[in-house]
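# Coordinate inspection notes
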Protein chains: 6
Amino acid sequence: MKLLLINPNTTQAMTDAIAVAARAVATPGTEIVAVQPSFGPVSIESHYDEAFAAAGVAEQVRLAAAWRPDAVVIACFGDPGLEAAREATEAPVLGIAEAAFHAAGMLATGFSVVTTLTRTCIMAERLLQRYGADQHCRGVHGTDIPVLDLEGCGVETLQQIEEAARDALARDRSGAIVLGCAGMAPLCATLSHRLGVPVIDGVAVAVKFAEALVGLGLRTSKHGDYAPPLPKPFVGWASGLRW
Amino acid sequence: MKLLLINPNTTQAMTDAIAVAARAVATPGTEIVAVQPSFGPVSIESHYDEAFAAAGVAEQVRLAAAWRPDAVVIACFGDPGLEAAREATEAPVLGIAEAAFHAAGMLATGFSVVTTLTRTCIMAERLLQRYGADQHCRGVHGTDIPVLDLEGCGVETLQQIEEAARDALARDRSGAIVLGCAGMAPLCATLSHRLGVPVIDGVAVAVKFAEALVGLGLRTSKHGDYAPPLPKPFVGWASGLRW
Amino acid sequence: MKLLLINPNTTQAMTDAIAVAARAVATPGTEIVAVQPSFGPVSIESHYDEAFAAAGVAEQVRLAAAWRPDAVVIACFGDPGLEAAREATEAPVLGIAEAAFHAAGMLATGFSVVTTLTRTCIMAERLLQRYGADQHCRGVHGTDIPVLDLEGCGVETLQQIEEAARDALARDRSGAIVLGCAGMAPLCATLSHRLGVPVIDGVAVAVKFAEALVGLGLRTSKHGDYAPPLPKPFVGWASGLRW
Amino acid sequence: MKLLLINPNTTQAMTDAIAVAARAVATPGTEIVAVQPSFGPVSIESHYDEAFAAAGVAEQVRLAAAWRPDAVVIACFGDPGLEAAREATEAPVLGIAEAAFHAAGMLATGFSVVTTLTRTCIMAERLLQRYGADQHCRGVHGTDIPVLDLEGCGVETLQQIEEAARDALARDRSGAIVLGCAGMAPLCATLSHRLGVPVIDGVAVAVKFAEALVGLGLRTSKHGDYAPPLPKPFVGWASGLRW
Amino acid sequence: MKLLLINPNTTQAMTDAIAVAARAVATPGTEIVAVQPSFGPVSIESHYDEAFAAAGVAEQVRLAAAWRPDAVVIACFGDPGLEAAREATEAPVLGIAEAAFHAAGMLATGFSVVTTLTRTCIMAERLLQRYGADQHCRGVHGTDIPVLDLEGCGVETLQQIEEAARDALARDRSGAIVLGCAGMAPLCATLSHRLGVPVIDGVAVAVKFAEALVGLGLRTSKHGDYAPPLPKPFVGWASGLRW
Amino acid sequence: MKLLLINPNTTQAMTDAIAVAARAVATPGTEIVAVQPSFGPVSIESHYDEAFAAAGVAEQVRLAAAWRPDAVVIACFGDPGLEAAREATEAPVLGIAEAAFHAAGMLATGFSVVTTLTRTCIMAERLLQRYGADQHCRGVHGTDIPVLDLEGCGVETLQQIEEAARDALARDRSGAIVLGCAGMAPLCATLSHRLGVPVIDGVAVAVKFAEALVGLGLRTSKHGDYAPPLPKPFVGWASGLRW
């Protein structure tokens with residue numbers, strides 16, 4: 001199967017790192033095609049950044065129609081463009097926040113999210129509500145580490161995340177940690193080892209859940225709300241992306 | 001005061017019609033500056049359309065930074081790009097769905113939404129939850145009238161909407177109707193007259209609520225989640241929109 | 001337009017102070033008619049006080065039927081008698097808590113309420129749930145300042161409220177403050193200036209939102225739950241208030 | 001024990017009928033003291049009516065302070081003045097809606113409410129939310145029988161209520177019926193017999209639950225939100241009711 | 001009336017202690033028949049323990065079919081087997097958590113639960129949601145006292161519970177305490193006296209509420225979800241318990 | 001990997017059929033060990049049945065401790081004993097309802113459940129709430145087909161389920177169907193083909209999601225609520241199952 005892995009920001013190094021993380025967990029038969037939008041911010045740390053990233057995700061799913069991916073994973077914790085992508089393909093589409101929340105709920109009665117900037121906590125909180133996971137999440141915690149600092153993450157940054165996680169486990173009475181940024185994927189194993197609880201990286205879970213759904217022949221419903229977008233004119237730079 | 005009125009789709013005739021509706025209710029001192037994105041779909045009838053529209057709203061708010069509008073209204077019932085816009089300006093920003101829901105809740109214990117395509121009901125339902133208005137809304141009803149058919153809306157289309165509204169009032173035990181599309185703004189007075197209940201057009205309410213907030217000197221909070229986006233590189237066609 | 005401003009308690013000085021605050025924000029064409037019930041407690045700091053105040057609001061709306069106000073504002077943070085008033089008039093009726101919560105939700109992703117006695121927090125919490133604003137409110141904080149101490153509020157009281165607000169912003173990760181008592185209206189500008197975030201006084205917002213709704217010709221729905229009360233005998237002191 | 005049974009409307013015949021229903025289920029040692037407010041509407045069928053009724057309940061609890069009842073029951077399905085009453089006495093205070101909802105939840109996984117005027121359904125719905133019973137209630141159904149028509153309820157009225165109940169059981173997939181008006185108390189046994197499901201009259205349940213709480217020595221908490229009202233001047237006809 | 005009191009664990013001393021507590025509050029005419037399952041754990045402190053206890057409750061209700069109890073009380077704070085028991089008898093069945101939550105909600109606007117092991121808090125939280133009491137409960141607090149240590153509870157253990165309760169009242173702004181274990185029943189009076197707030201023992205409340213329902217002739221609904229189990233083969237040790 | 005597949009009822013033919021369905025979707029490396037409790041009902045169609053089944057699941061997980069399965073799937077739509085099983089093993093444990101709900105939420109904005117007896121709808125509704133999937137499920141529909149009639153399901157039964165599903169899609173405005181019984185697993189492909197929407201069989205999804213979690217090295221959290229049960233005596237037939 002071919003899995004379209006979209007990094008919604010425009011930092012090539014991050015796309016590469018996420019692809020490495022995805023390939024590390026993928027089944028041999030799964031080919032990971034990692035892309036990023038042709039436009040937009042180098043990292044996603046605000047609603048403003050996210051508005052561009054969501055359009056970028058839509059762009060990439062639209063462009064991939066040419067080769068019909070079997071599954072799509074959106075590798076940013078805000079799950080930008082998730083619903084647009086589901087309309088734009090018959091393949092199953094997974095957001096890494098959605099996948100991580102569901103996995104966490106299967107492994108612990110309550111979990112905590114450790115994320116980057118505090119100002120992005122609101123995005124995670126909105127998604128928790130959207131996915132019905134708010135009752136299983138006992139806290140969302142910002143570390144105020146900028147997303148791009150996660151690249152080549154040093155000892156100190158790791159330490160900071162570990163401390164935030166320990167704190168969260170104790171204060172929230174949680175049994176698992178969800179990593180609130182695709183850029184934290186490479187830290188997952190280390191943190192899991194140190195903390196002694198399930199540490200959940202959404203990229204990995206989304207890839208495996210996508211494989212699972214594809215393995216069952218399940219596809220995005222085209223009946224109703226996720227039917228293909230109606231064909232209509234698009235103008236400006238987006239004119240090539242019309243349906 | 002200068003009010004930036006954004007039509008998130010790219011149909012000039014619709015931008016003009018919405019501007020007319022907005023000016024009809026604005027206070028003499030309010031100057032309405034009506035714009036539309038430089039790109040994207042001619043109407044918004046799916047999540048896919050909306051992903052581009054949200055980026056288009058962000059674009060327009062960003063461009064308006066040059067002249068510092070006193071208020072911003074987003075004139076599409078999905079409130080696309082609302083949160084991005086709130087980060088990108090200190091002016092109050094209102095979505096027409098948000099404004100309409102709150103107004104309806106002040107005038108009736110329960111209301112019904114009458115909208116265009118059935119497939120967009122899910123968007124209204126999500127917004128109702130986001131704004132906490134789900135407990136006041138007793139039903140969202142699609143008419144399957146395409147958005148652009150509302151332009152120069154004939155007798156038949158009006159009839160169809162009226163019937164859907166009557167039906168909703170009876171079935172939902174509702175006391176008011178919320179019009180679920182900016183393109184329905186011109187029908188508001190007629191429908192209100194015929195139905196004998198409050199019929200709420202979000203464009204009109206958003207303009208008046210925006211005037212109200214501006215009149216009080218209230219502005220979007222820059223403390224926390226709506227702080228200005230962090231300055232960072234944007235690439236591709238969006239490079240000019242970086243913060 | 002004529003706006004009936006009801007102070008639900010029976011302290012004339014407070015009625016006057018609220019009227020001053022309301023007139024300060026009203027449009028020139030808006031005439032504020034400030035009244036208070038002919039009976040009941042001098043301040044509202046318990047459910048017991050509120051039971052009388054709600055009846056007092058009903059009394060005042062009933063008496064105003066003679067001159068048909070264009071809008072009604074109930075100026076106590078518990079919104080006493082709000083639903084009764086909506087039945088008893090065709091004019092839009094706004095409670096200051098309802099108006100403040102909705103305004104706050106338009107300006108910040110989360111807000112905190114700072115109120116008077118801790119025992120009244122439960123009233124605000126109930127209203128937050130009723131209006132669907134509980135998900136936007138991140139905390140309700142009592143200062144244990146008695147309502148009537150707000151009159152001629154000295155430096156110390158102001159200081160105490162400011163501190164409670166600062167505390168709330170930090171602890172709740174909030175972006176705005178809602179003042180939880182009509183008697184705090186005169187402090188709004190000062191607090192806003194000192195705190196650097198939107199500080200929302202419900203009296204001011206309710207007056208402006210009422211003007212907005214009247215400006216749009218919107219009136220309380222008489223279809224269904226807010227239909228006029230059925231005519232029937234009333235006995236005792238209330239006999240003159242029958243419908 | 002002495003139980004203060006308050007009929008919140010001012011129809012003596014209804015007070016008497018409710019007292020009969022209460023005495024029929026009370027334990028021999030329970031003395032029922034049935035009262036009604038000295039003012040207000042002869043029946044409660046709107047929020048307007050209810051505003052006066054709630055003050056009337058507060059009046060009666062206040063006046064009863066002289067003889068210290070052991071328990072208080074408020075016999076109107078809107079539970080008017082419930083919280084005020086809880087502040088105004090140390091005795092347990094039960095509303096008949098609250099008691100009926102909880103009893104129904106112990107006897108069936110889902111129940112339906114059959115009430116009088118359709119316009120009062122909203123009151124029951126609000127109470128269901130307040131008490132957390134909304135998830136157990138599968139429908140609130142108005143019969144549009146006026147409250148006072150229940151007095152000396154003829155064969156036809158009974159038939160109408162029975163049909164509404166049968167309809168509700170089938171449509172709502174419910175296992176029990178809650179009677180939505182104190183005036184329906186005398187019909188409870190007949191309906192239960194005919195319908196073959198638990199039919200719950202809040203008056204009866206509230207009396208028995210009140211006896212239960214008194215039997216355990218449990219009293220309304222005076223710590224926090226239900227502490228006695230603060231002593232303060234009351235003006236007008238209410239001046240004698242100050243604390 | 002004959003009340004079947006089921007201690008879901010298999011510690012005879014605890015069955016006896018709970019029976020003593022139940023008899024202490026029961027009306028003279030109420031005969032308490034206290035039983036325990038023929039199998040399972042000596043105390044219930046995990047979901048694993050509870051799975052056996054729930055089957056044990058089903059066993060005991062099934063065996064009691066021979067003598068047709070008038071009411072059933074399940075005396076473990078997790079209310080194990082509650083729904084099974086309701087199917088297996090026409091008598092009203094009460095869980096002590098359900099009864100305690102409802103009683104607490106009648107006596108205070110908010111309450112706190114003090115329970116045994118912290119790991120069991122999740123069970124109470126689930127029940128609060130199930131019964132709609134989550135909005136009235138302001139905190140669930142583990143003391144990490146093992147259930148069987150409550151037997152012959154010494155001064156120290158009592159002290160520890162008292163401290164946890166005081167803490168909860170202050171931190172949660174609560175007005176009442178719910179004891180989160182049937183084994184705490186004997187401490188109820190002492191704690192109530194020391195804390196000065198209602199302290200609610202579910203065993204006592206469940207017994208009294210059961211008497212109340214029986215007194216009204218109310219029985220578990222056999223229409224719908226609680227209809228008797230369908231007759232079918234059971235195998236293994238459970239073969240005698242088939243319907 | 002070794003996957004323990006537990007059929008919670010005691011019908012060997014059903015255990016075999018479920019095992020076939022599970023093996024049909026499992027990865028070659030996955031060995032399915034299918035078991036059933038040594039006691040209890042031959043099908044699970046009531047809470048009473050379920051109480052025994054949950055204990056049966058606990059028994060089987062306990063017995064499997066000897067060979068340490070890598071994952072556990074509970075193949076009954078009520079997810080009986082799920083939490084007990086999670087305590088009793090470090091392997092990930094999936095319930096088929098939980099897995100199906102999450103999968104459905106990834107493929108459609110709203111889904112409907114088609115199940116067996118109407119009286120079991122309440123169990124699905126409770127699980128939807130427990131897993132936060134209630135907002136994605138638009139209806140639970142009973143067909144009143146007994147569970148064991150699904151075995152060797154004839155044309156007529158299939159027809160009946162198909163009709164119920166079509167009905168649900170239309171009435172609920174749903175985009176996917178969740179099969180509400182493990183016994184329906186063999187019908188999944190046919191129904192999916194006929195209905196043209198995703199039809200989700202929880203057995204298949206749970207097996208694949210279990211493989212996914214095992215593939216990532218994720219295990220049930222032993223920190224907090226799912227820590228191993230405390231060692232303590234068990235009596236009666238269960239004495240061998242103590243920890």
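Conventions and cut-offs
Sequence order as written defines the numbering, with residues in each chain counted from 1. Chain A is the first chain written and ligand 1 is the first ligand written, with later ones labelled in order. Whole-chain, interface and lining totals are the exception, using all residues; otherwise, since this is a predicted model, local features are given only for residues with pLDDT of at least 70 and side-chain atom pairs are given and counted only at 80 or more. Side-chain figures throughout are based on the complete set of non-hydrogen atoms in the structure, without hydrogens or water. UniProt positions are given in the numbering used here, feature names are shortened, and annotations may be inferred rather than shown by experiment. Salt bridge criterion: a side-chain nitrogen from Lys or Arg within 4 Å of a carboxyl oxygen from Asp or Glu. A run of H or I in DSSP becomes a helix once it reaches four residues, and a run of E becomes a strand once it reaches two; helices and strands are each numbered from the N terminus. Think of it in three bands: with a 1.4 Å probe and only protein chains considered, a residue is buried below 20% of the maximum accessible area for its type, exposed above 50%, and partly exposed in between. Any pair of residues with heavy atoms lying within 4.5 Å of one another is described as a contacting pair. What counts as an axis is a line fitted to C-alpha atoms, over the stretch in contact for a helix, and the angles between N-to-C directions run from 0 to 180 degrees. Small angles under 35 degrees read as roughly parallel and large ones over 145 as roughly antiparallel, with 65 to 115 read as roughly perpendicular and the rest as oblique. Crossing chirality is assigned from the near helix's rotation relative to the far helix, an anticlockwise turn below a right angle marking it left-handed and a clockwise turn marking it right-handed. Residue classes follow a fixed rule: Ala, Val, Leu, Ile, Met, Phe, Trp, Tyr, Cys and Pro count as nonpolar, while Asp, Glu, Lys and Arg count as charged, and any other residue, Gly among them, counts as polar. Here, any two strands with at least 2 DSSP bridges between them count as paired. Summed over both partners, buried area is the accessible surface (1.4 Å probe) that two parts give up on being assembled. Nitrogen and oxygen atoms within 3.5 Å of one another constitute a polar contact, given that in protein one can donate a hydrogen and the other can accept it, and given that sequence-neighbouring residues count only through two side-chain atoms. What sets the superposition is a least-squares fit of C-alpha atoms, and only residues with pLDDT of at least 70 in both copies go into it. What fixes the domain bounds is an automatic or database domain assignment. Only the six-membered ring of Trp is used, alongside the rings of Phe and Tyr, when aromatic pairs are assigned; centres must lie within 6.5 Å, and planes under 30 degrees apart are stacked while those over 60 apart are edge-to-face, with the rest tilted.

An unreviewed UniProt entry annotates chain A as Aspartate/glutamate racemase family protein originating from Hydrogenophaga defluvii. If you open the UniProt record of chain A and go to Sequence similarities (unreviewed entry), you find "Belongs to the HyuE racemase family."

## Some words on the pattern of salt bridges
Under the defined criterion, the tally for this structure stands at 84 salt bridges over all chains. Two residues, K208(D) and E211(D), come together in a salt bridge whose shortest N-O distance is 3.1 Å. Placement of the pair is K208(D) and E211(D) together in helix 8 (residues 202-215), with a separation of three residues, close to one helical turn. Here K208(D) and E211(D) have matching classes, each one buried. Linking D49(F) and K232(E) is a salt bridge whose minimum nitrogen-to-oxygen distance equals 2.6 Å. Here D49(F), found in helix 2 (residues 47-64), pairs with K232(E), found in the loop between helix 8 (202-215) and strand 10 (234-235), and the two come from separate chains. Pair check on accessibility: D49(F) and K232(E) agree, each one buried. Look at the salt bridges and you will find they share partners, linking E125(A), D225(B), R138(C) and R173(C) into a network.

## With respect to helix 5 (residues 121-130) of chain E
All names here are of chain E. Across the 10 residues that make up helix 5, a large majority, eight, are buried. Along helix 5, the positions that sit buried rather than exposed are C121, I122, M123, A124, R126, L127, L128 and Q129. After helix 5 finishes, the residue G132 shows a positive phi value of roughly 75°.

## Quick notes on the arrangement of the chains
The two units chain A and chain D remain apart, with a minimum C-alpha distance of 16 Å. Between chain C and chain F there is no contact; the minimum C-alpha to C-alpha separation amounts to 16 Å.

## Topic: the packing of helix 6 (residues 155-172) of chain F against helix 7 (residues 188-195) of chain F
Residues and elements named next belong to chain F. Their axes nearest at 11 Å, the elements helix 6 and helix 7 cross at an angle of 45°. Considering the angle they form, helix 6 stands oblique to helix 7. Helix 7 is crossed by helix 6, and the crossing has right-handed handedness. Across from L158, Q159, I161, E162, A165, R166 and L169 in helix 6, the residues of helix 7 making contact are T190, L191, R194 and L195. Looking at the contact of helix 6 with helix 7, its residues break down into six nonpolar, two polar and three charged.

## Some remarks on the sheet that holds strand 2 (residues 31-35) of chain B
Residue and element names in this part refer to chain B. Across the sheet, which stays open at both edges, the four strands sit in the order 2-1-4-5 with parallel pairing between neighbours. Each edge of the open sheet carries a strand with a single partner, namely strand 2 and strand 5 (93-95). Mean inter-strand twist for the sheet, computed between neighbouring axes without regard to direction, equals 20°. Pairing between strand 1 (residues 2-6) and strand 2: five bridges, direction parallel.

## Let's talk about the interface of chain B and chain A
Of the residues lining the interface, 46 residues belong to chain B; the matching set on chain A comes to 46 residues. When chain B packs against chain A, close to 3900 Å² is buried across both sides, 61% of that on carbon and sulfur atoms. Our enumeration of links across chain B and chain A arrives at eight salt bridges. As a salt-bridge pair, E87(A) and R119(B) come within 3.3 Å of each other at their nearest N and O atoms. Linking chain B with chain A are 26 residue pairs in polar contact (both at pLDDT 80 or more). Contributing elements (two or more residues each) for the side of chain B that touches chain A: strand 3 (40-41), helix 2 (47-63), helix 3 (82-87), helix 5 (121-130) and strand 10 (234-235) of chain B. A per-element tally of the side of chain B that touches chain A places helix 2 of chain B first, with 10 residues. The sheet contact formed by strand 10 (residues 234-235) of chain A and strand 3 of chain B spans two bridges and is antiparallel. Across the sheet, F234(A) pairs through a bridge with P41(B), a residue of strand 3 of chain B.

## Some words on the sheet that holds strand 5 (residues 93-95) of chain E
Residues and elements named next belong to chain E. Taken together, the four strands give an open sheet; going across it, the order is 2-1-4-5, and neighbouring strands pair in parallel fashion. The strands lining the two open edges of the sheet, one partner per strand, are strand 2 (31-35) and strand 5. Taken pair by pair, the neighbouring strands of this sheet meet at an average axis angle of 20°, ignoring direction.

## Some words on the interface of chain D and chain E
Interface size is often expressed as the accessible area that is lost when the parts come together. On the side of chain E, 43 residues touch chain D, which itself brings 43 residues to the contact. Across the chain D/chain E interface, buried area totals approximately 3300 Å², and carbon plus sulfur atoms make up 66% of it. Per-residue buried area on chain D facing chain E is highest for M106(D), L107(D) and L216(D); these three make up 21% of the total on that side. Our enumeration of links across chain D and chain E arrives at four salt bridges. The salt bridge partner of R173(E) is D225(D), with a shortest N-O separation of 3.6 Å. In this assembly, chain D and chain E are joined by 15 residue pairs in polar contact (both at pLDDT 80 or more). Classifying every residue of the side of chain D that touches chain E gives 22 nonpolar, 12 polar and nine charged.

## Re the relation of the copies chain D and chain E
When chain D is fitted to chain E, the residual RMSD is 0.0 Å, and the transformation amounts to a turn of 180° plus an axial shift of 0.0 Å. These values place the two chain copies in the arrangement generated by a two-fold rotation axis. When C-alpha positions in chain D are compared against the rotation axis, the closest is assigned to G132(D), at 2.1 Å. Comparing interface residues between copies, 100% of those in chain D also lie at the interface in chain E; the contact surface is shared.

## Notes on the side chain of E162(A)
Residue and element names in this part refer to chain A. In this fold, E162 is placed in helix 6 (residues 155-172). Judged by relative accessible area, E162 falls into the buried class, the value being 9%. When residues no more than four places from it in sequence are discounted, the contact partners of E162 are L191, R194 and L195.

## Concerning the domain arrangement of chain A
Residue and element names in this part refer to chain A. Along its sequence, chain A is organised into domain 1 (2-95 + 205-241) and domain 2 (97-202). Taking only C-alpha atoms into account, the centre of domain 1 sits 22 Å from that of domain 2. The interface of domain 1 with domain 2 comprises 25 residues on the first partner and 32 residues on the second. Taken together, both faces of the contact between domain 1 and domain 2 bury some 2000 Å²; the carbon and sulfur share is 66%.

## A few points about the relation of the copies chain B and chain A
Screw-axis analysis of chain B against chain A gives a translation of 0.0 Å along the axis, an RMSD of 0.0 Å, and a rotation angle of 180°. In this assembly, 100% of the residues forming the interface of chain B have copies in chain A that are likewise at the interface, indicating an isologous arrangement.

## A short note on the environment of M1(E)
Residue and element names in this part refer to chain E. On the secondary structure map, M1 appears in the segment before strand 1 (2-6). Residue class for M1 comes out partly exposed when judged on its relative accessible area of 26%. Counting along the chain gives 138 residues from M1 to G139, while the straight-line C-alpha distance between them is 36 Å. Apart from residues no more than four positions distant in its own chain, M1 is found in contact with G29, T30, E31, D70, A71, E211 and V214.

## Structural notes on the environment of L3(D)
Residue and element names in this part refer to chain D. Within the secondary structure, L3 is located in strand 1 (residues 2-6). Look at L3 and you get buried, because its relative accessible area is 0%. Spatially, the C-alpha atoms of L3 and R68 are 9.5 Å apart, while their sequence positions differ by 65 residues. Not counting the four nearest positions on each side in its chain, L3 is found in contact with T30, E31, I32, V33, A71, V73, V207 and A210.

## A word on the packing of aromatic side chains
According to the stated counting rule, one finds 66 aromatic pairs over all chains in the structure shown. Ring centres of F234(E) and Y48(F) lie 5.9 Å apart, and the angle between their planes is 50°; on these two criteria the pair is classed as tilted. Highlighted residues: F234(E) in strand 10 and Y48(F) in helix 2, drawn from two different chains. Arranged with centres 5.0 Å apart and planes meeting at 45°, the rings of W237(E) and F39(F) form a pair that is tilted. Taken together, the positions of W237(E) in the segment after strand 10 and F39(F) in the loop between strand 2 (31-35) and strand 3 (40-41) put the pair across two chains. Following the ring pairs from residue to residue traces out a cluster consisting of F39(A), Y48(A), F52(A), F234(A), W237(A), W243(A), F39(B), Y48(B), F52(B), F234(B), W237(B) and W243(B).

## A short note on unusual backbone geometry
Phi is positive for D144(E), close to 60°, though the residue is something other than glycine. Its place among the elements puts D144(E) in the loop between strand 7 (137-142) and helix 6 (155-172). A positive phi angle is found at R68(F), which is not glycine, with a value near 45°. With respect to the helices, strands and loops of the structure, R68(F) is situated in the loop between helix 2 and strand 4 (71-74).

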